[in-house]
Structure formats: C-alpha cells, structure tokens
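Given next are the chains, with one letter for each unit.
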Amino acid sequence: MNHIQTLISSKKTFTFHILDAIDVTIEVSENPYGLPIHELFTMAARINKKRSFLFVSNVLGKHIPIHPKKGLLTAALLAVRYLENIKNISATEKEQLLNAFSNGAKLQEWRLTPFIPAECQPVVIGFAETATALGHGFFSCFENACYFHTTREAISGLDPEVTFEEEHSHATSHRCYIPLELINHNREIILVDDEMTTGKTALNIIKSIHSKFPREKYTVVSILDWRSGEDRRQFMNLEQELGITIRVVSLLSGSVTVNQRGKLTEEDKAENAPASGEMSIEVLDIGSYFTSSMYASIQDPAPFIQETGRFGLNSKQNYLLHQQVSQAAAFLSKKRQGQRTLCLGSGEFMYLPMIMAAEMGEEVYYQSTTRSPIYIKNCNGYGARCRLVFPNPEDPSVTNFVYNILPGSYDEIFIFIEREVDSENLRPFLEELRKTAVNSVKLVFFSKEQR
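Description of the structure in this document. (Residues numbered from 1 in each chain as written. Predicted model: local features only at pLDDT ≥ 70, side-chain atom pairs only at ≥ 80, totals over all residues. Heavy atoms only, no water.)

### Focus: the overall build of the protein
Argument step 1. Along its length, the protein carries 10 helices and 20 strands.
Argument step 2. Each principal axis of the C-alpha distribution contributes one length, and for the protein these read about 60 × 55 × 40 Å.
Argument step 3. Per-residue burial over the protein gives 59% buried out of 451 residues.
Argument step 4. Taking contacts inside the protein between residues at least 6 apart in sequence as the whole, the part at least 24 apart equals 73%.
Argument step 5. Positive and negative side-chain charges in the protein, numbering 46 and 53 respectively, have mean positions lying 2 Å apart. (Helix = DSSP H or I, 4+ residues; strand = E, 2+ residues; numbered from the N terminus. Buried < 20%, exposed > 50% of the residue type's maximum accessible area, 1.4 Å probe, protein only. Contact = heavy atoms within 4.5 Å. Lys, Arg positive; Asp, Glu negative; His and termini not counted. Charge placed at Lys NZ, Arg CZ, Asp CG, Glu CD.)

Okay, structure coming up:
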C-alpha cells in the first residue's frame, strides 16, 4: 500500500495522505518559475510532539539522495529570485538554470559561478543544520558578500555573538560564532532556510540580531514558504515594532492545512536488513587542502576547519575555497572504485561534501546524516523508506539518522566528517552501514587533533 498519496483537486490544491493518519492540504499561491512541486519535496511523518509532519526535500540532499548539482542549482535559483524580486535586476542566467533544473544532461554540464554584481554586499546566514549548504550555495552566487551559518555546536573558549531558538525543532538552540566586523554594520542581512511553516525561527534571529546589531533591511530566503495570514501579520508587526523592512523570497509559497485523523503508530520495523559479505574501510585524510581553525568542541579536541562558514567567509575566501575543493575532489576521484557512489555529509557539515561530490565524476550522489527522527515506511513516494540509526560519532550523546539508502543502491560510500573521530565512536555507524550491502566505505577527514 502506498502510504503517501497525493490528490490534486485543482491546479493549485494538493492533498497528501501520510501514513493513513495525517492529511496535509497545500494551497499554492505563487510558483514563479513553474516548478513541479513533486520535484521540490515529498512528505513524511515526524516523531515530534510539536509538529507531526515534515516536508522532505528532493533538492537539499538531506534525507533523500540527490545529484549534488541539484542542491547547488536550487540555491542559484533562489539567488535569481532574490535578484529579480528584491533588486529589480534582470537575471540573464535564469533560463539556463531552469533548463538545467529539468534536464539531467544540462545539469551535469552546469557549474556554480557568481552572477550577482559586486554592488550587492549582504551578509548571508544559513540555518543549521538543514540549510547550511543551501545558504552557502546562495552566498556563492554573489561577487561580493559575506557568509556564516548558525551552528548547534558549543565551542570551547568562544562565546556566540548571537543566539536564538528554533521552537518546533528537536534541537532548538542556534549559535552564531562570527567576527564582530562581519555583523557590526548596517548592511542587509539575508537569512536562508529550506522551508518556512510559521516563520518564527526567522523572526527569532531577526530580533536577536537587531537587539545587538540593528539595521534597516532584512531578507528571508527559503525554497518553500507556507506562512498563514496570521504568520505574515507577525512579520508586519515586527517591522512596525523595530522600524525595519523584512522582504521574503521563495520558489514556492502558499498555505498549509493539517488534519490529524488517526494515530501515528510505531515506525515500521522493516528497516535495512542485515547483509552478508565484506565491507572494506579506508581512511582518507584531506586536511592538507584546508585550514584548521583555533577552535574545537568540548566533545572532540580536533579543531574545526575554517572554510565551512561557521566562523565567517567573504567572497574572496570563498573563491579560494572552491579552488581547494577542486584539488581535493581530484584526489578523491582517483580513490573511486565503484560505478555508483554516495557522498555522505555529516550533520551541518554539508556544503564542502556537496561541492566535492559535484566534481567527483558521473554516477555520484549526495546526502547527509541528520538529527531528525522520522517514522519510516518502505513504500514508493514516502519520504523515509528505510533508516540507519547510530550515535553521532562526533558527539555520541546525540542520535543521528541516515534515510533512504536501500540495500544494494551503491558500490561505495564516501563519508565526509569535518574532524577526525575516535574509532570506537565510529563503530556503531559502520555497523549500520553494513546493512546497505555496500562493498567499500571511505572515511574522509578534514582535520585531525594536533598532538
């Protein structure tokens, strides 16, 4: 039985029946580029008392594997929308990007390059953990901007300049570790998230930033915008309260109505079945291509790297980063042994693995581990068909998941972890990966503990 059915009652109304328990009806009010909604997302049921459903993105590379350029292309389409809608500048790249979005051959040829002119000088902020790659990809479309992403990490010896809460999330606290010169000015701030249901997270960070570093203009960019009329009034109320302007950019907007008509049962036990056969494991150190920062977390003494955006980047540094990535990707390409390869990012460490995967050849797919607990059901169209569960190797107190790696899908998996971790912490993850029947696993580390 298909446990996620889509009924179309008109061109703009879609109803999703999720696990015979939740009906989600979407009224689409704006779709400026005419993107088919099934190419943007499917749906699943969340194991979360605050919100029972989840838009599972088909373009982010979080829960569902994607062509890595699909994630970068989505960020570029948002940048085009920003340029047209906020700056009133015609984007000559639009048709090329839309053709690449719908044509696999053109997607393979496409490369992410800056096209937003240097006079646009915003600070772009990506939301952890889901939108760190989307935010970084959006920032990469600017010739002259700055970027950082929020983080869930508590970093030793460093206090965040800004903190805020994501109220509906299973991991609510966000921290911003950025140099003062990156935010202590009056430049526009652009917040990038994958989806807004109420917009409360965006309002929370705007209030937090404005209390310390006030400015006139904020822009919120997301793939999906499902804010209700009341939610939109909250944005207008904050504008009036603080004397600011908040603009919103999205690829698809409308409203959502949820009817929970049944009880969600315990998730399907038919997960990835145990598999026989050998799985080779190889460790690859690519730290020589990147720069260690001065900071680590309490759980892991290995330093974070500088290039993720966690500590801030400008466009010049980002240009150099892409050169470093090309060199590292050329090295990793030579390590490929199979025909079909998965590059797996970890948590909020998404952008570097994504752009590296985009340069590792054909038949390379990308996705990431996640903190999101989701009910699983192995049926076509549902957003979480199978699942691996394991302690986060970088912080074993946090449970991590990988969804939708069906057994036999890949010949090899490259796992990208920002910092080297203890082999004992990795053991549960590797044991779970055996269920995928993959032949080869490559552990790719970007930073080691300084001994």
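### Quick look at the nonpolar core
Argument step 1. Phe41 and Phe138 are the most contacted members of the largest nonpolar core, which has 127 residues in total.
Argument step 2. If you tally residues by element for this core, the top one is helix H2 (residues 68–85), at 10 residues.
Argument step 3. In this structure Phe138 touches Ala75, Leu78, Ala79, Tyr82, Val124, Ile190, Val192 and Val221, once residues within four positions along its chain are discounted.
Argument step 4. If you look at the next biggest cluster of nonpolar residues, it comprises 21 residues, including Leu342, Phe390, Leu433 and Val438. (Core = buried A, V, L, I, M, F, W, Y, C linked by side-chain atoms within 4.5 Å.)

### Things to note about the pattern of salt bridges
Argument step 1. Scanning the model with the defined rule gives 24 salt bridges in all.
Argument step 2. Salt-bridge contacts for Glu84 lead to Lys94; the nearest nitrogen and oxygen are separated by 3.2 Å. Residue Glu84 is found in helix H2, and its partner Lys94 is found in helix H3 (residues 94–102); the two are separated by 10 residues along the sequence.
Argument step 3. Through salt bridges with shared partners, a single network forms among Lys62, Glu129 and Arg371. (Salt bridge = Lys/Arg side-chain N within 4 Å of Asp/Glu carboxyl O.)

### As for the packing of helix H6 (residues 200–212) against helix H7 (residues 229–242)
Argument step 1. One way to put it is that H6 packs onto H7 with a least axis distance of 11 Å and a crossing angle of 10 degrees. Taken together, the axis directions place H6 and H7 in an arrangement best described as roughly parallel. Seen from H6, the contacting residues are Ala202, Leu203, Ile206, Lys207 and His210; seen from H7, they are Gln234, Phe235, Leu238 and Leu242.
Argument step 2. Each residue belonging to the contact of H6 with H7 can be placed in one class, and the counts come to 6 nonpolar, 2 polar and 1 charged. (Axes fitted to C-alpha atoms, helices over the stretch in contact; angles between N-to-C directions. Parallel < 35°, antiparallel > 145°, perpendicular 65-115°, else oblique. Nonpolar A, V, L, I, M, F, W, Y, C, P; charged D, E, K, R; others polar.)

### As for empty space enclosed by the protein
Argument step 1. Enumeration over the complete set of coordinates arrives at 5 cavities of 30 Å³ or more.
Argument step 2. Here the second largest cavity is characterised by a volume of approximately 230 Å³.
Argument step 3. What lines the second largest cavity is a set of 20 residues, among which Ser346, Gly347, Glu348, Asn392 and Glu394 lie closest to the centre.
Argument step 4. Among the secondary structure elements, those contributing two or more residues to the lining of the second largest cavity are strand S17 (387–392) and strand S19 (412–417).
Argument step 5. Of the residues that constitute the lining of the second largest cavity, the class distribution is 7 nonpolar, 5 polar and 8 charged. (1 Å grid on protein atoms, 1.4 Å probe; cavity = no way out; pocket = protein on both sides within 12 Å on 5 of 7 lines; lining within 4 Å. Points joined across faces, edges and corners; volume = space filled by probe spheres on them.)

### Observations concerning the sheet that holds strand S15 (residues 341–345)
The strands making up a sheet are joined through hydrogen bonds of the backbone, oriented either antiparallel or parallel.
Argument step 1. Judged by pairing direction, the sheet is parallel, and its 5 strands sit side by side in the order S13-S20-S19-S15-S16 without closing on themselves. Single-partner strands in this sheet number two, and they are strand S13 (280–285) and strand S16 (364–368). Looking at each pair of strands side by side, their axes are set apart by 20 degrees on average, direction ignored.
Argument step 2. Sheet analysis places S15 next to S19, joined by 4 bridges and oriented parallel. Within S19, the position partnered with Cys343 by the bridge is Phe414.
Argument step 3. Its contacts with the sheet put helix H10 (residues 423–433) on S13, S15, S19 and strand S20 (440–445), and the angle it makes with S20 is roughly 145 degrees. (Pairing = 2+ DSSP bridges.)

### A few points about unusual backbone geometry
Argument step 1. Geometrically, the link from Ala128 to Glu129 is a cis peptide bond, its omega value of -5 degrees lying close to zero.
Argument step 2. By secondary structure assignment, the location of Glu129 is in the loop between strand S6 (123–126) and helix H5 (132–139).
Argument step 3. Even without being glycine, Glu363 reaches a positive phi, approximately 60 degrees.
Argument step 4. Within the secondary structure, Glu363 sits in the loop between helix H9 (351–357) and S16.
Argument step 5. For Glu363, a relative accessible area of 40% translates into the label partly exposed.
Argument step 6. In this structure, Asn404 is a non-glycine residue whose phi angle is positive, near 70 degrees.
Argument step 7. In this structure, Asn404 sits in the loop between strand S18 (395–403) and S19.
Argument step 8. A residue is classified by how much of its surface remains accessible, and Asn404, at 13% relative accessible area, is buried.

### What to know about the packing of aromatic side chains
Argument step 1. This model, assessed by the stated rule, comprises 18 aromatic pairs.
Argument step 2. Centroid distance Tyr82 to Phe142: 5.8 Å. Interplanar angle 55 degrees. Geometry classified as tilted. Highlighted residues: Tyr82 in helix H2 and Phe142 in the loop between H5 and strand S7 (146–149), separated in sequence by 60 residues. In this pair, the class of Tyr82 matches that of Phe142, namely buried.
Argument step 3. Ring geometry for Phe304 against Phe311: centres 6.3 Å apart, planes inclined by 65 degrees, an arrangement best described as edge-to-face.
Argument step 4. An aromatic cluster of three or more residues is present, and its members are Phe16, Phe41, Phe53, Phe55 and Trp226.
Argument step 5. The residue whose ring lies beneath Arg227 is Phe235, and the NZ or CZ to ring-centre distance is 4.4 Å. (Phe/Tyr/Trp six-rings, centres within 6.5 Å; stacked < 30°, edge-to-face > 60°. Lys NZ or Arg CZ within 6 Å of the ring centre and 35° of its normal.)

### Considering the pairing of strand S12 (residues 245–260)
Argument step 1. Two strands pair when backbone bridges link them, and strand S3 (residues 22–30) and S12 are joined in this way by 8 bridges, in the antiparallel orientation. The residue of S12 that forms the bridge with Val24 is Val258.
Argument step 2. As paired elements, strand S11 (residues 217–225) and S12 share 8 bridges and run parallel to each other. Looking across to S12, one finds that Ser222 is bridged to Ser250.

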